[in-house]
Amino acid sequence: LKKGDLIIIESTSPIGTTEKMQKLIFSSRPELEGAIYIAYCPERVLPGNIMYELVMNDRVIGGIDEVSTQKALSFYKKFVKGDLHITNARTAEMCKLVENSSRDSQIAFANELSILCDKFKIDVYKLIHSLMHVVAVTTCEQMLFGEEFC
């Protein structure tokens, strides 16, 4: 590491990880304090479509301070065509955890729905199609089953 470097963490991490990394770096390299930039920007790609998603997906960017956030924003502006949403590191970390938890809950709900449909001899795909016409559940179903069912 050298002065002026930008470190971006993209892995799903517990809240506070970016700040812990900052402390670890500065404890072993105190000369870098105030001289490097550290941010968190969770990755949002699906296997098999990585290059497209790296460019087209929206990103949430949070630095350990405003300067780090702006440095990371400048970096992502070079290649991301999706919207870039700036915040702080902790909020960006929480955003990724909430995203993952929401997806996991939706998958669990879809699995339970399928089990119930089997039990009551209901065609789950006909149910989904019917649900697509009910405004109150359309957004939920789009998240659960994807746009191709809409």
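For the structure itself, look to the data block above.
Please read these numbers as outputs of a predicted model, since none were measured by experiment.

Draft legend 1. Structural detail: the environment of Leu 1. As for its placement among the helices and strands, Leu 1 is situated in the segment before β1 (6–9). Sequence separation of Leu 1 and Arg 29 is 28 residues, and the distance between their C-alpha atoms is 8.9 Å. When residues no more than four places from it in sequence are discounted, the contact partners of Leu 1 are Ile 7, Ile 25, Arg 29, Leu 32 and Ile 36.

Draft legend 2. How the structure looks around the pattern of salt bridges. Tallied over the entire structure, the rule returns six salt bridges. Arg 29 serves as the salt-bridge partner of Glu 31, at 2.5 Å between the closest nitrogen and oxygen. Across the pair Arg 103 and Asp 104 runs a salt bridge whose closest N-O atoms are separated by 3.4 Å. A relative accessible area of 43% means that Asp 104 is categorised as partly exposed.

Draft legend 3. Fine view of the layout of surface pockets. Looking at the largest pocket, its volume works out to about 600 Å³. Residue contributions to the lining of the largest pocket peak at six residues, all from helix α4 (residues 89–119).

Draft legend 4. Representation of a nonpolar patch on the surface. Nonpolar side chains collect at one region of the surface, where Ile 15, Met 94 and Val 98 lie side by side and expose about 240 Å² of accessible area between them. Positionally, Met 94 belongs in helix α4. Given the relative accessible area of 40%, Met 94 is considered partly exposed.

Draft legend 5. A look at the pairing of strand β2 (residues 37–40). Here β2 shows no split at all, with Tyr 37 and Ala 39 on one side and Ile 38 and Tyr 40 on the other all buried. Across four bridges, β1 lies against β2 in parallel orientation. Bridge pairing in β2 links Ile 7 to Ile 38. For the segment spanning β1, helix α1 (residues 17–28) and β2, crossover handedness is right-handed. As paired elements, β2 and strand β3 (residues 59–63) share two bridges and run antiparallel to each other. Within β3, the residue paired with Ala 39 across the bridge is Gly 63.

Conventions used here
- Residues numbered from 1 in each chain as written.
- Predicted model: local features only at pLDDT ≥ 70, side-chain atom pairs only at ≥ 80, totals over all residues.
- Heavy atoms only, no water.
- Helix = DSSP H or I, 4+ residues; strand = E, 2+ residues; numbered from the N terminus.
- Contact = heavy atoms within 4.5 Å.
- Salt bridge = Lys/Arg side-chain N within 4 Å of Asp/Glu carboxyl O.
- Buried < 20%, exposed > 50% of the residue type's maximum accessible area, 1.4 Å probe, protein only.
- 1 Å grid on protein atoms, 1.4 Å probe; cavity = no way out; pocket = protein on both sides within 12 Å on 5 of 7 lines; lining within 4 Å.
- Points joined across faces, edges and corners; volume = space filled by probe spheres on them.
- Patch = residues over 30% accessible without salt bridge, like charges linked within 9 Å, V, L, I, M, F, W, Y side chains within 5 Å.
- Areas by Shrake-Rupley, 256 points an atom, 1.4 Å probe, with all protein chains shown as cover.
- Pairing = 2+ DSSP bridges.
- Right-handed = clockwise from strand over helix to strand, strands pointing away.

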